Amino acid sequence: MNTNDRRTADPKVGRIIRWRESLATMPDERFFEIIRIYLGEIHTPFNKDRLIEQLSSIFRKEQTKKTITAFLSEFDIKMLSAISIVPSATQEKLAEFFSGEHSLSDIYSELLNLNERLLIYSYRDSETNSSVIAVNPLLEEVLSPFIGVSHLFRRPECISRNLDVHFSLSPLFLASFISYIESYPDLCRNDLSIKKKDIERLGKIFPKKEKCLSLILNALINLGIARLGEKGLSIDEKRLAKFASLPECRQYAYLSVASAAHFGRESLRSQAQLLLDIAATVPPEGFSRSSLLRTAFLLNNTAEIQRPAQSTFSRILEARTRSLSDAKITSGTADAVIDSAIEFGLFVPYGTDEGGEVMYVRSGIMQENEPQSSGSKRGLLNINAGTSITVMPGLSLTELIPLVSFMDVTSSSTVTEFEVTRKSVSRAFDKNRTPSDIYALLSCYSAYEIPQSLQMNIEEWYSSYSSAILYKGYVLKVNEKSARVVENSPGIAPYIQAKLADGIYVMNIPLDDDAEKFIRSCGLDFMGTVRTPKRTDDVIDFPVLRSGRNVLAGRFVTEEQMDCGAEKTEDGAKIKEGFYKKLDELELTEQQRECLAMRIERNVIVTEEQLKPETVRLEILEIDGMNYAGKLRLIENTIDSGDSIELTVPADNDPSRLLVYLGKPLMISKHTNDALVRMQLEPDNEIRFFSVSRANKVKIIRTSVFK
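Residues numbered from 1 in each chain as written. Predicted model: local features only at pLDDT ≥ 70, side-chain atom pairs only at ≥ 80, totals over all residues. Heavy atoms only, no water.

(A) Here's a closer look at the overall build of the chain. Looking only at helices and strands, the chain features 27 helices and 21 strands. Residues counted as buried form 44% of the 707 residues belonging to the chain. Of the contacts made within the chain by residues no fewer than 6 positions apart, 64% connect residues no fewer than 24 positions apart. Of the roughly 36700 Å² of accessible surface on the chain, 50% is carried by carbon and sulfur atoms. (Helix = DSSP H or I, 4+ residues; strand = E, 2+ residues; numbered from the N terminus. Buried < 20%, exposed > 50% of the residue type's maximum accessible area, 1.4 Å probe, protein only. Contact = heavy atoms within 4.5 Å. Areas by Shrake-Rupley, 256 points an atom, 1.4 Å probe, with all protein chains shown as cover.)

What follows is the structure, encoded as structure tokens:
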């Protein structure tokens, strides 16, 4: 390995080389502007590499490093922290990360300022072909004590505790709603919204849970557990059984994600894993909703969510079955997932901070609990007078599914009331359950014997149900000799749904290809083909999830590091005061003095050597008021440079109210008394036209620096 290879093998050396390359490949105008600010007037002939080395030497000086850290503002620290933490940070990612807290123009102006101060730089990522923003590697060590996730994820103390008991999803609640769906399969319209009469009925059974139930219904449909057909909704029992076999916290993660949108298999997995990681990351004192969303954003843009190991066949199968209509994962989707998680009680209010913002902690249902031992659960079910049954918490969803299959839910609270009716047991009989099966389930969880009155009702209903049965499926007709083989064969007898007469059987075999193979494998002399009215596919397991992982563990700065803030703020003010005094001693024009004073204010001046008149090249970045020609010229220059502008215009319906728009000017169309600027607005790329004469202010935002 040669010397150059050894040097580039060091990650920091590689970052320094990349920083130098980013400077060298800048447009000459921008490059010389930076050099002029820090080194003064440029004399020809010049060498770019030598100029970059001179620039680097400034940032290696200890006094320069102290000045830079002394000038760090709260916003500087937050932005540098985000750039350090968000993988492959771009302008767009940072704008989304700080969405709701800082405006786009503030974020872009801050990035421009940090770039002008050379605290950050941008480079072209060959893999994504995007302009990535990074911290200046020459300043990494001096900045590291001041930046970290603590500045991005607020951890304030709660000044008031929330002592209310909050709702959380439970197996009994889910099973009760599934029971309702089976009782009223026509509960939703074609657009999958719940009908008005069912909303009223659900409001009585599940008080104040209408929104929660609507989200759960949407999730069950998107997960393929509930399917909409000609006769309304039906429950896919095999899919439900696969879902019920998952740990509870993973069931709830899938429900929260699926309630927001329909995802393909891999996106469903990654978003459910993301939610589990968010829950594991929330500290004991809680996160605000904005911090939950920032955690979601960070995870969505990092490699923390790894795909579990898969065989080659599994990957091929996944690619084949992945939904082509997979929803795009956006900040809006994460917003909806977090809202659903709060509605489902995965995150519960812990209290409020000094600003009145609610702090959420992870609910107990999101703990990765060990599976309960399969001991006796007698006493969790109580058979009341008549046909009323009370079910108490403690049973898993797997245990509850067969139990609620023959009952109708009537009231859901801490305990849930069910009713055994003629209609409800008929649903169980349709699934080939017998009265004996029902008695066995009731006896398993009841501490007392089943009342005779209930048994008599079930027997009577079964007798009425059995008096006339309509079968749909295969009819197997065999001769007398083969009939004895069919009825006694362990490979055939379990598939007999009913014996209609000697040698005539209704078979429970859904697939035609399998039926042919099945008949031939039984040793019967069989010819011809078979047809089936129904075809069912094997149910694929839900994607594998790992336990939630705290992705921010160990990444919060210490109290000693936080204390650095107060000290550096005071030092920064003293340093600025010295720069202003030095400025007063210089012989400068008014414009030069104003420009250098602005640089001091923007923290661009870090050494006294920068306070020279030859470092100033006057440039107008903002025009107010009545200067129509100036506004027009500024917009035209911005179109040429590829930068954006911040346009302040009066509202159409209220001229006293000013609206601020940020976007890229695309073209200007001039008219007799005015000109219209065509702008592509941030962040949704909407195209709008604005009058130049009506604009109160036009300000350049140098977004092209990071393009």
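This is not the end of the story, as more comes after the structure.
(B) Highlighting the environment of K576. Mapped onto the fold, K576 is located in helix α25 (residues 559–585). For the pair formed by K576 and A70, sequence separation is 506 residues and the distance between their alpha carbons is 9.9 Å. Excluding its chain neighbours within four sequence positions, the residues that come into contact with K576 are F71, I600, E601 and N603.

(C) Layout of the sheet that holds strand β20 (residues 687–691). Across the sheet, six strands lie side by side as β16-β21-β17-β18-β19-β20; this open sheet has antiparallel pairing. Since the sheet does not close on itself, it has two edges, and those belong to β16 (622–624) and β20, each with one partner. The mean angle between the axes of side-by-side strands here comes to 40°, regardless of whether they run parallel or antiparallel. Where strand β18 (residues 658–670) lies against strand β19 (residues 675–681), seven bridges are found, and the strand directions are antiparallel. Among the inter-strand pairings, I668 is bridged to a residue of β19, identified as V677. Sheet strands in contact with helix α8 (residues 104–116) are β17 (644–650), β18 and β21 (697–701), and its direction is about 45° off that of β21. In the packing of helix α27 (residues 628–641) onto the sheet, the strands contacted are β16, β17, β18, β19 and β21, and the crossing angle to β18 comes to about 75°. (Pairing = 2+ DSSP bridges. Axes fitted to C-alpha atoms, helices over the stretch in contact; angles between N-to-C directions.)

(D) Broad picture of the sheet that holds strand β7 (residues 347–352). Strand order in the open sheet formed by four strands is β3-β7-β8-β6, and the pairing between neighbours is antiparallel. Single-partner strands in this sheet number two, and they are β3 (160–161) and β6 (287–288). Pairing analysis gives two bridges linking β6 to strand β8 (residues 358–362), with the strands arranged antiparallel. In the sheet register, S288 faces β8, and the bridge partner there is M359. Contacts between helix α15 (residues 265–281) and the sheet are confined to β6, β7 and β8, with β7 contributing the most and set at about 30° to the helix.

(E) Just the nonpolar core, in detail. Ranked by size, the top nonpolar core spans 151 residues in total, and within it Y38, L169, L255, F347, L403, F406 and L442 carry the most contacts. L403 has contacts with L381, L395, L441, L442 and Y445, leaving out every residue within four places of it along the chain. Core analysis: the second largest hydrophobic core is formed by 18 residues, L634, Y661, I668 and A675 among them. (Core = buried A, V, L, I, M, F, W, Y, C linked by side-chain atoms within 4.5 Å.)

(F) Local environment of the packing of helix α4 (residues 48–60) against helix α5 (residues 62–70). Packing of α4 against α5 leaves a shortest axis separation of 5 Å and a crossing angle of 70°. Relative to α5, the element α4 is oriented roughly perpendicular. Judged by residue contacts, I58, F59 and R60 of α4 engage E62, T64, K65 and I68 from α5. Considering only residue class, the contact of α4 with α5 consists of three nonpolar, one polar and three charged. (Parallel < 35°, antiparallel > 145°, perpendicular 65-115°, else oblique. Nonpolar A, V, L, I, M, F, W, Y, C, P; charged D, E, K, R; others polar.)

(G) Spatial organisation of the packing of aromatic side chains. Considering all chains together, one arrives at 16 aromatic pairs under this definition. Each ring, one from Y661 and one from F690, has its centre 4.8 Å from the other, and the planes form 45°; the classification is tilted. Of this pair, Y661 sits in strand β18 while F690 is found in strand β20, placing the two residues 29 residues apart along the sequence. Take Y661 and F690: they sit in the same class, and that class is buried. Through a chain of ring-to-ring contacts, three or more aromatic side chains come together here, namely F75, F97, F98 and F297. Positioned over the ring face of F167 is K209, at 4.7 Å from the centre of the ring. Over the ring of F71 we find K576, and its NZ or CZ is 5.8 Å from the ring centre. (Phe/Tyr/Trp six-rings, centres within 6.5 Å; stacked < 30°, edge-to-face > 60°. Lys NZ or Arg CZ within 6 Å of the ring centre and 35° of its normal.)

(H) Quick peek at the side chain of N136. Position of N136 among the secondary structure elements: in the loop between β2 (130–135) and α9 (140–143). Only 2.9 Å separates the side chain of N136 from the backbone nitrogen of L138, close enough to count as a polar contact. Beyond its immediate stretch of four places on either side in the chain, N136 contacts W19, L118, L119, I120 and Y121. (Polar contact = N/O pair within 3.5 Å; in protein donor to acceptor, adjacent residues only side chain to side chain.)

(I) Broad picture of the environment of S641. The topology assignment puts S641 in helix α27. Spatially, the C-alpha atoms of S641 and R702 are 8.8 Å apart, while their sequence positions differ by 61 residues.

(J) Quick peek at the confidence of the model for the chain. With 84% of its residues at a pLDDT of at least 70, the chain reaches an overall mean of 82. In the model, residues 303–328 has pLDDT below 50 throughout and makes 35 contacts with residues more than four positions away in sequence or in other chains. Counting interchain partners and residues more than four positions distant, the pLDDT-below-50 stretch residues 557–563 has eight contacts. (pLDDT = per-residue confidence, 0-100.)

(K) Structural context of the pattern of salt bridges. Under the defined criterion, the tally for this structure stands at 26 salt bridges. Here E237 ties to K431 by a salt bridge, and the two come within 3.2 Å at their closest N and O atoms. Taken as a pair, E237 in helix α13 (residues 237–244) and K431 in the loop between α20 (422–430) and α21 (435–445) lie far apart in primary sequence, 194 residues in all. Judged by relative accessible area, E237 falls into the partly exposed class, the value being 39%. For K431, a relative accessible area of 26% corresponds to the partly exposed category. Ionic pairing is found between R546 and D277, a salt bridge with its closest N-O pair at 2.9 Å. Placement of R546 in the loop between α24 (512–521) and α25 and of D277 in helix α15 is noted, with a sequence separation of 269 residues between them. Salt bridges sharing common partners tie together R20, E53 and R60. (Salt bridge = Lys/Arg side-chain N within 4 Å of Asp/Glu carboxyl O.)

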